[in-house]
Every structure is written in C-alpha cells, then in structure tokens.
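The chain contents come next:
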Amino acid sequence: MLSLPLDSTDRPRLPAVPDDAVVAAPAAAGDALQVLDDPQEWNAFSRPDASRAGCVESHLVVQGMTCAACAITIEDALRRVPGVLAAEVSAGSHRARVVWSPEAVLPSRWMQAIQRAGYHPLPANDRHALEQRRSETRQALWRWLVAGLCMMQVMMYAYPAYIAHPGDLSAEMEQLLRWASWVLTLPVILFSCGPFFRSALRDLAQRRVSMDLPVALGMLITFVVSTAGTFNPQGLFGREVFFDSLTMFVFFLLTGRWLEMRLRDRTAGALDAMMNRLPEAVQRRTAEGTWETVAARRLQPGDRVRVLPGQAFPADAVITLGETRVDQSLLTGESRPVARGVGGAVVAGSHNLGAVVEIRVERVGAETRFAEIVALMQTAATSKPRLAQLADRLAKPFLIGVLVAAAGACLYWWPQDPGHALMVAVAVLIVTCPCALSLATPTAMLASAGALARSGVLVRRLQALEGLAGIDTVVFDKTGTLTRDAMQLRDVQLRPGVSMAQALGQARALARHSLHPVARALVQAAQQASVADDWQARGVQEVAGQGLQGSLATTAQDTAGTAFRLGSAAFCGLAAGQGGSAASTHLCDAQGWVASFALAQDVRADAAATVAALRGAGLSVHLLSGDDAGAAAAVAQEVGIDQVHAGCTPDGKLAFVRALQAQGHRVAMVGDGLNDGPVLAAADVSFAFGQAVALAKSQADFVVLGEHLALVRRSLRLATRTMRIVRQNLWWALAYNAACVPLAVAGWLPAWLAGLGMAASSLVVVLNALRLSAGDQQEVLS
C-alpha cells in the first residue's frame with residue numbers, strides 16, 4: 001500500500017515542506033529558480049512519487065544536450081545532490097526525471113547542479129521551454145545559413161587551385177585566394193561553430209568527454225593548420241589549406257543537427273501538445289462578483305471560472321452556467337465533440353468549442369485525469385530502453401577510443417606529411433562520432449510512443465515496445481475489456497417477501513463502493529428505478545474477483561446492521577442452481593439468498609475482428625474471467641475465442657499467466673485495470689483497457705484511453721515495426737562506422753566527406769525512425 005497523504009478526494013497530494021527543514025536555496029541562486037521553491041509551483045512540473053512516501057517526482061526539459069554522454073553527465077550531477085534519490089535523463093527526448101525529498105532539498109538546489117554541469121533546465125510544462133526551443137531552432141537555422149553562404153564562397157575561391165595546371169596560378173594570386181578564404185571562414189568559426197566549441201570547453205572544464213569534443217577538436221585543428229598555411233606559406237603547413245573542407249563539413253554537420261532538432265520536435269509533438277493544452281491564465285470570480293485574471297495553477301476546488309470558446313478547461317469541473325460542445329479526444333479517445341450543459345462534467349485539457357461557460361472547479365493539478373495522462377507520457381519520454389542504456393554505457397569509452405585512434409593515426413602519418421597527418425586525425429575524429437548509434441533506439445521508440453499517444457494508447461515504459469513485439473500469447477479479461485464498461489440490468493429474481501426496490505436499494509448500498517462494471521450497472525439501475533436511498537453501508541470490503549461484503553442498516557442508530565454479500569454464487573455461498581442463473585450476480589444476507597441480478601453484457605463491436613486478427617497473426621488467444629462458465633463461454637463464443645478459463649480468482653489468473661510463461665510463452669495481458677493489478681504486473685506486457693482505470697496506480701505498460709479494442713492489435717503491429725526499424729538503425733550505425741573508420745585511418749577519407757558521412761548517418765537514423773510517426777495514421781488509426 002502507498003503511504004502518500006490523501007486529500008478529501010482520496011487522491012495523493014504533494015507532501016508539505018516541514019517548517020524545520022534546512023533546505024533554503026543558496027543566496028547565489030537566481031530568482032527564476034527560487035520561484036520554483038514555492039510548493040504551490042510544484043504542481044506545474046511535479047507529482048508525488050508512487051514508490052517513495054513523502055518524495056516528489058519532477059520532470060524537466062534540459063537544453064544544451066547533444067548526446068548520450070550528456071545524459072550520463074547530468075544524471076551524475078543530480079545524483080551527487082543530497083536529497084535527490086533518483087535521476088533519469090533521456091538523450092533522445094532531452095527530458096529528465098528527478099525524484100527528490102522536500103525534507104532534504106528544494107528544486108533550485110538540484111537545478112543549479114544541472115546548470116553547474118553546463119546545461120539549462122526548465123520545468124517540463126513551462127511554456128518558456130517551448131519558446132526557448134523555437135529560439136534555439138531559429139539560431140540553428142541562422143548558423144546553418146551563414147555556414148552555407150560562406151561555404152559556397154570559399155568553394156568558389158578554392159576551385160581554381162583544384163583545376164589549375166602548374167604555372168596557371170601565380171603565388172600572389174594563390175595567396176590572395178587563401179586570405180579571402182580565411183576571412184570568409186572566420187564567421188563560420190566564430191558564429192556557426194559556437195555550439196560545438198562551447199560544449200567542448202564545458203567538457204574540458206568538467207573533465208569529461210562528449211560527442212562535441214572530438215568534433216570541436218577536428219574543427220579547431222583544421223582551422224589552425226589552414227591559418228598557419230595562410231600566414232606562413234613556406235612553413236610546415238604551408239603546402240595546402242583546408243578552408244573548403246572545414247566550411248563544408250561544418251555546413252554538413254549543422255544540416256544534420258538542424259534536421260535532427262526539427263525531427264525530434266516532431267516526434268515529441270504529442271507530449272508537447274498534451275502538456276501545453278492548459279491555459280496559462282484564467283478568469284476567476286472574486287467574492288465581490290467581479291472577474292480577476294489568475295494563473296491556472298493557482299486554482300483551488302470550489303473556484304468559479306469563466307472559459308471562453310477555443311480555450312481549454314483548466315481543471316476537472318462542472319458547468320454552472322451556459323451550454324457548449326467539448327472536444328476531449330486527446331484525453332478519452334472520443335473523436336467527436338460532446339455536448340455539455342449545466343451540471344455536465346468537463347475534464348482538464350478538453351477544449352471548449354461552443355460558447356462562453358462558467359464552471360465550478362472540482363479537481364486541480366495532480367488530482368485530474370489530465371495530469372495522470374501527462375505523467376504517463378512524461379515517464380515514457382524519460383525512460384530508457386535496454387538497448388539505449390547499453391549505448392549510454394558505451395558512449396564515453398567509445399569517445400575516448402575515438403580520441404586515441406585519432407592520435408594514433410596522426411602519429412602514424414606525421415613522418416610523411418604533418419599537414420596530411422593532422423587532416424587524417426580530423427577525419428577520424430569526425431567520422432567516428434557515435435551520434436547515429438546513440439540515436440538508433442530512442443528516436444524510433446519515441447516516434448512510436450508519439451504515434452500511439454495520438455491514437456489514444458499511452459506507453460508507460462518504452463522498453464515495453466520491445467516486449468510487445470516478441471509476444472506469442474494474448475490473454476483477455478472479459479468484463480470491461482471484451483465487453484463494454486456499461487452493463488444493463490436485464491432481469492431480477494427475488495426471495496419471497498423481498499421487493500424489487502428493497503433488493504436494488506441494498507445492492508446499491510454495497511455496489512457504490514466499487515468501480516467494477518457490474519457494481520456501476522446496479523447503481524445505475526437503482527437510480528433509473530428511482531429507488532429511495534434508505535440503506536447505509538458500513539465496513540464494506542471488496543474481495544477482488546469475487547464481490548463485496550459489508551453491513552447494511554436503515555437508520556444511523558442501528559450500529560450493528562445486517563451482514564450482506566454481493567457477488568458470485570460461490571462468494572455468496574449458494575448451491576448450484578440456487579437463486580437464479582449461474583451467470584447472475586447475487587445478493588445474500590445471514591439467512592441466505594436474497595436476490596439475483598441478470599446483467600446483459602454488451603460485447604465491443606470490434607472484439608471479434610480483433611481476436612480474428614490476432615489469431616491470424618499466429619498468436620494464441622485466451623479468455624480469463626471471474627464469472628461463471630456460462631457467461632464466460634457465451635462471450636468467448638461471440639468473439640471467437642476457443643480457450644476459455646472461467647471462475648478465476650485474481651490469484652488464479654496470476655497462476656495461469658505464470659504457467660504460460662513457465663512453458664516458454666511470452667504473454668500480453670489485456671484487462672480493465674481495476675482488479676487485475678497482480679496479473680497485469682506479472683505479464684510480459686500488459687494493457688489496461690477502459691476509462692475507469694486509475695492511471696497513476698495502473699500496473700499496465702500500455703493504457704488504452706478510447707473504446708476501440710482494435711488498438712491492442714494495432715499497437716502490436718506498430719511495436720513489431722518499431723523493433724524492425726531499431727534493428728535497421730543499429731545495423732546501419734555499425735556498418736557505417738565499420739566502413740568509414742578504416743578509410744579515415746588510411747587517409748582515403750577527406751575531412752569534408754567525413755563531415756558529410758557523420759551528418760548523413762545521423763540523419764538516416766532519424767528519418768528512418770520518423771517513418772513510424774509519419775505512418776501512424778496508417779499503422780494505428782486505420
């Protein structure tokens with residue numbers, strides 16, 4: 001059980017900061033970071049950590065990262081801060097997850113640690129982060145344009161030296177062309193190469209190595225050698241200058257970086273679109289009846305807020321004035337707008353499409369379903385697949401090996417021609433940069449997760465995509481999964497002397513303590529029948545997969561009450577054939593059977609097609625149900641499942657899945673997420689299906705927000721395609737390095753071609769991964 005503090009809505013809230021906690025931020029901390037030390041600001045980028053009582057989990061966007069080595073550096077810097085319990089940084093998404101204790105540290109402290117490491121942290125949902133990213137993209141475009149313009153001019157001045165015959169160019173003319181090339185190369189070095197040099201200087205100051213260090217060394221060596229040849233044509237390096245090669249490979253590198261930046265933003269678009277749905281400020285009614293503008297994160301339950309057309313609802317709320325249509329497709333999977341009037345519920349993040357409405361705030365911040373969805377997407381964005389973790393561990397040793405290889409190649413060629421030796425070293429430094437290898441896995445998996453999110457499937461762990469691609473068995477829960485959450489009361493059988501109103505009232509008193517579809521159907525049936533709410537339930541306990549038990553009384557003075565049970569025949573202690581059909585839900589008291597409720601289950605329209613598609617793909621399909629054999633067999637026959645296992649308790653479901661795994665099968669479990677926690681956690685891959693699932697507590701790897709069961713099959717198809725693209729990326733990156741490194745060491749690969757090869761290799765990996773995002777409409781929605 002989690003020991004997080006709960007509010008009146010039984011949802012976890014952020015822990016308060018103890019008055020005696022010695023966690024004040026240093027005086028040198030910037031005001032911008034000190035603002036984040038206010039606990040009221042934490043809801044904007046933090047939530048209670050599910051696995052550590054009293055701790056907080058925060059999500060950040062980290063600017064200035066270029067590679068997997070940067071991610072490791074930031075993680076090390078965070079973990080050295082007292083009070084930070086865990087840190088994960090994704091080089092693919094440039095996002096970080098930090099778990100910290102408010103009793104030991106405040107956000108400004110560990111954010112300063114990131115700054116001291118040379119990077120710039122921003123809260124993950126800070127709109128300033130979006131503006132910063134746009135500014136970064138514009139600056140990258142300007143650097144690319146300057147490098148391209150200067151490259152063309154330098155190439156024009158270098159061209160005569162390539163085609164001239166001996167005696168065609170005078171020494172004065174050749175020197176003039178060198179000077180012109182040097183002047184035109186200065187903007188490239190001073191402006192376009194700025195990010196590479198700043199990153200390299202930061203690495204040297206921190207005594208570490210990243211992918212920008214060998215690149216910056218290559219640029220600097222090329223410029224210094226060419227400058228020496230320009231100023232002293234008769235000197236050691238005066239035989240040839242390489243300004244054309246320098247400007248060309250800088251241009252190619254910037255081309256690759258800019259395109260990678262744009263493509264990364266595109267693959268992260270689903271997360272950004274989700275996180276930036278809430279308005280920054282809203283209009284709140286004051287006690288005097290006037291309207292004031294306040295930050296959305298400052299809202300509290302009970303506040304009255306005015307929402308304009310086109311604006312997103314800032315919190316879970318109830319409409320108190322006006323009528324409108326609401327778009328909540330990104331939150332519930334419902335593709336069409338829904339009508340909402342006075343008394344209608346609206347969820348945070350959904351859009352007001354119709355008219356001005358006034359709402360009463362019910363839940364805010366981390367208590368909303370919107371926050372739970374964002375939390376799942378953030379977790380996926382910062383999680384590291386197994387292959388990406390391996391690439392991260394190899395990044396630093398590989399880079400050190402690159403530096404050693406470049407130095408060795410330089411020493412080998414130096415006796416023959418020092419200038420050529422240095423350019424061979426430059427080619428080795430550039431061509432062996434493992435950018436493609438570090439991008440191979442995370443770019444593909446992030447693109448796939450974004451495609452699934454746009455279709456209404458949230459990925460909790462990127463590693464689950466690899467597991468999903470390898471399954472051979474799918475196990476479905478019945479109620480709420482193959483059947484819809486909503487059920488209808490079809491028939492009621494009663495004990496002599498018990499009225500319909502009495503039985504429904506007693507059943508409702510117990511059922512309202514559960515989220516199970518059967519319980520919700522009984523509550524709804526009692527409301528539709530206008531049954532008086534005369535019964536009070538005490539000490540209600542839900543036995544997972546069996547039913548509910550508790551004491552019922554008609555008055556507050558009756559402290560003892562009468563013991564009742566609501567659930568399966570076995571749970572109520574009924575003999576075979578006693579009290580209605582075996583498929584019914586039964587109510588019993590101390591005297592025995594009271595009533596039986598036959599509920600009609602509405603099988604999802606696409607259930608049969610989904611099962612047929614899974615079986616057609618060679619997968620074994622099973623049905624597990626806690627219901628009696630008759631009800632389970634009826635649903636199984638309708639959807640086309642031959643292997644049915646009825647009357648399963650939660651422990652029985654868990655044992656069945658483990659038995660399949662013991663036989664060597666890789667199992668995907670699809671449940672409603674309400675009482676399937678153990679079996680969802682035990683399966684190799686799991687789906688929580690239905691909108692009733694508590695996302696923050698779900699054990700599933702995938703959460704399906706919509707009503708389409710076909711999303712399970714389409715997720716499997718996309719996962720298989722994702723792993724195929726990951727393998728293609730890895731083989732491409734390995735083949736590229738295996739082919740180009742020997743060429744560079746042998747001196748057959750000029751620096752400009754090395755730059756082109758490095759940029760092209762990274763670009764091929766990203767573009768290949770982008771096929772998952774570009775094809776998400778066909779792969780996921782079709």
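To start, this report covers the structure provided alongside it. (Residues numbered from 1 in each chain as written. Predicted model: local features only at pLDDT ≥ 70, side-chain atom pairs only at ≥ 80, totals over all residues. Heavy atoms only, no water.)

Looking at the packing of helix H6 (residues 171–192) against helix H7 (residues 194–206)
The interhelical angle for the contact between H6 and H7, taken along N-to-C directions, is 50°, at an axis separation of 5 Å. One way to sum up the angle between H6 and H7 is to call them oblique. Residue-level inspection shows Ile189, Phe191 and Ser192 of H6 in contact with H7, the latter providing Gly194, Pro195, Phe196 and Phe197. Of the residues that constitute the contact of H6 with H7, the class distribution is 5 nonpolar, 2 polar and no charged. (Axes fitted to C-alpha atoms, helices over the stretch in contact; angles between N-to-C directions. Helix = DSSP H or I, 4+ residues; strand = E, 2+ residues; numbered from the N terminus. Parallel < 35°, antiparallel > 145°, perpendicular 65-115°, else oblique. Contact = heavy atoms within 4.5 Å. Nonpolar A, V, L, I, M, F, W, Y, C, P; charged D, E, K, R; others polar.)

Structural notes on the environment of Val685
Position of Val685 relative to the elements: it lies in strand E26 (residues 685–689). Accessibility expressed as a relative area gives 0% for Val685, which makes it buried. In this structure the C-alpha to C-alpha distance between Val685 and Arg666, which are 19 residues apart in sequence, comes to 8.3 Å. Residue contacts for Val685: discarding those within four places in its chain leaves Ala464, Gly467, Leu468, Ile471, Val667, Ala668, Met669, Asp701 and Phe702. (Buried < 20%, exposed > 50% of the residue type's maximum accessible area, 1.4 Å probe, protein only.)

Remarks on the pairing of strand E21 (residues 585–589)
Burial of E21 is extensive: 5 of the 5 residues sit out of reach of the surface. Note that strand E20 (residues 562–567) and E21 share 4 bridges and pair antiparallel. The residue bridging Leu566 from the neighbouring strand is Leu587, located in E21. Taken together, the 5 bridges between E21 and strand E22 (residues 592–603) define a ladder with antiparallel strand orientation. Directly across from Cys588, in E22, lies its bridge partner Trp593. Connecting the antiparallel pair E21 and E22 is a turn made up of 2 residues. (Pairing = 2+ DSSP bridges.)

Overview of the sheet that holds strand E13 (residues 351–352)
Across the sheet, which stays open at both edges, the 3 strands sit in the order E11-E10-E13 with antiparallel pairing between neighbours. The open sheet terminates on both sides in strands that have one partner only, identified here as strand E11 (338–340) and E13.

A short note on the pattern of salt bridges
Summed over all chains, the structure comprises 14 salt bridges. The partner of Arg285 in a salt bridge is Glu358, with the nearest N and O atoms 3.1 Å apart. Taken together, the residues span a long stretch of sequence, with Arg285 in strand E6 (residues 281–285) and Glu358 in strand E14 (residues 357–363) at a distance of 73 residues. Looking at Arg285, the relative accessible area reads 32%, which means it is partly exposed. A relative accessible area of 14% places Glu358 in the buried class. A salt bridge links Arg512 to Asp533; the nearest nitrogen and oxygen atoms lie 3.2 Å apart. Note that Arg512 is positioned in the loop between helix H18 (500–511) and helix H19 (517–528) and Asp533 in the loop between H19 and strand E18 (536–543), a separation of 21 residues in sequence. Among the charged side chains, a salt-bridge network with shared partners connects Glu57, Glu88 and Arg97. (Salt bridge = Lys/Arg side-chain N within 4 Å of Asp/Glu carboxyl O.)

Here's the deal with helix H20 (residues 607–616)
Note on helix geometry: an α-helix contains 3.6 residues per turn, so any two residues three or four positions apart are oriented the same way. Within the sequence span of H20, burial applies to Ala607, Thr610, Val611 and Leu614. When H20 is viewed along its axis, its buried side chains cluster within an angular range of 95° and face the same direction. Turned more than 90 degrees away from the buried face of H20, the exposed residues are Ala609 and Gly616. For H20, the elements touching its buried residues are strand E16 (473–477), helix H17 (478–482), E22, strand E23 (620–624), helix H21 (629–639) and helix H24 (710–745). One or two positions beyond H20, positive phi appears at Gly618, with a value near 90°. (Arc of directions from axis to C-beta.)

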